[in-house]
Amino acid sequence: MMIRQPSFQPVLMGKPSDHVEVLPEPSVVQLPLTSRRLHFSAVKVRSRALVAVGDVLAIDPDHFGVPLLASIAGTTKVDEKHGIITIDGSVADENRPAPSAPETDAPLDIKQRVLTGGGWPFFGDAHTGAIPNPDVPPRAVLVTPVAADLYVARPDVILGDRTDAMMRGLGILKTLTSNAPIHVAIPATAAPSFGVLRGAI
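Predicted model, so just to flag it, every value in this text is computed and none were measured.

1. What to know about the environment of Phe 64
Positionally, Phe 64 belongs in the loop between β4 (56-60) and β5 (66-69). When the C-alpha positions of Phe 64 and Ile 131 are compared, they lie 9.1 Å apart, and in sequence the two are 67 residues distant. In this structure, Phe 64 is in contact with Leu 115, Ile 131, Pro 132, Asn 133 and Pro 134, ignoring residues within four places of it in sequence.

2. A short note on unusual backbone geometry
At Arg 48, a position not held by glycine, the phi torsion is positive, near 70°. Inspection of the secondary structure puts Arg 48 in the loop between β2 (42-43) and β3 (50-51). Owing to a relative accessible area of 72%, Arg 48 belongs among the exposed residues under this scheme. The phi dihedral of Phe 64 falls on the positive side, at around 65°, and the residue is not glycine. According to the relative accessible area criterion, Phe 64 is partly exposed, its value standing at 32%.

Definitions and limits used
Residues numbered from 1 in each chain as written. Predicted model: local features only at pLDDT ≥ 70, side-chain atom pairs only at ≥ 80, totals over all residues. Heavy atoms only, no water. Helix = DSSP H or I, 4+ residues; strand = E, 2+ residues; numbered from the N terminus. Contact = heavy atoms within 4.5 Å. Buried < 20%, exposed > 50% of the residue type's maximum accessible area, 1.4 Å probe, protein only.

Set out below in structure tokens:
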């Protein structure tokens with residue numbers, strides 16, 4: 001006997017916006033210590049600690065030491081039982097500067113900066129989706145500025161007039177991949193930003 005499982009199909013209303021709305025910074029954030037791919041088991045802060053934006057709260061020792069960084073400045077509350085670190089931005093040390101990155105553009109240093117800056121989980125294995133080993137050179141890199149999720153802003157809206165910034169990002173990405181080719185999948189759309197990107201590539 002087959003039983004059909006009900007599915008949740010939300011009804012979408014309205015129409016997409018032609019701009020990105022920048023929301024105000026929240027006064028309190030809750031950061032989970034576990035996600036689909038990461039488990040930040042090594043907590044580096046205690047409750048009632050003052051943190052600045054970019055401070056390391058925890059790391060995932062099983063995924064190349066990827067850090068969990070503070071997204072706002074404030075006071076921490078660590079709840080390891082439920083796997084959450086809360087930052088209360090109403091109590092912050094405004095005089096404490098954010099951590100600064102080393103001023104160097106050497107390829108190995110850039111890779112380390114991406115890793116310690118929390119950006120490495122944005123890379124994924126094309127076949128498994130797993131976080132790649134930063135010490136293993138890739139055979140190729142596939143950049144897909146396409147989002148299939150209904151609740152994610154269209155890539156052309158996010159890109160806007162930032163084509164130059166994306167080209168600089170591709171240049172930095174090239175320094176991380178040695179001689180591996182980079183393939184950019186550009187959707188067949190009339191969006192002006194993608195037209196500029198095609199011409200630039």
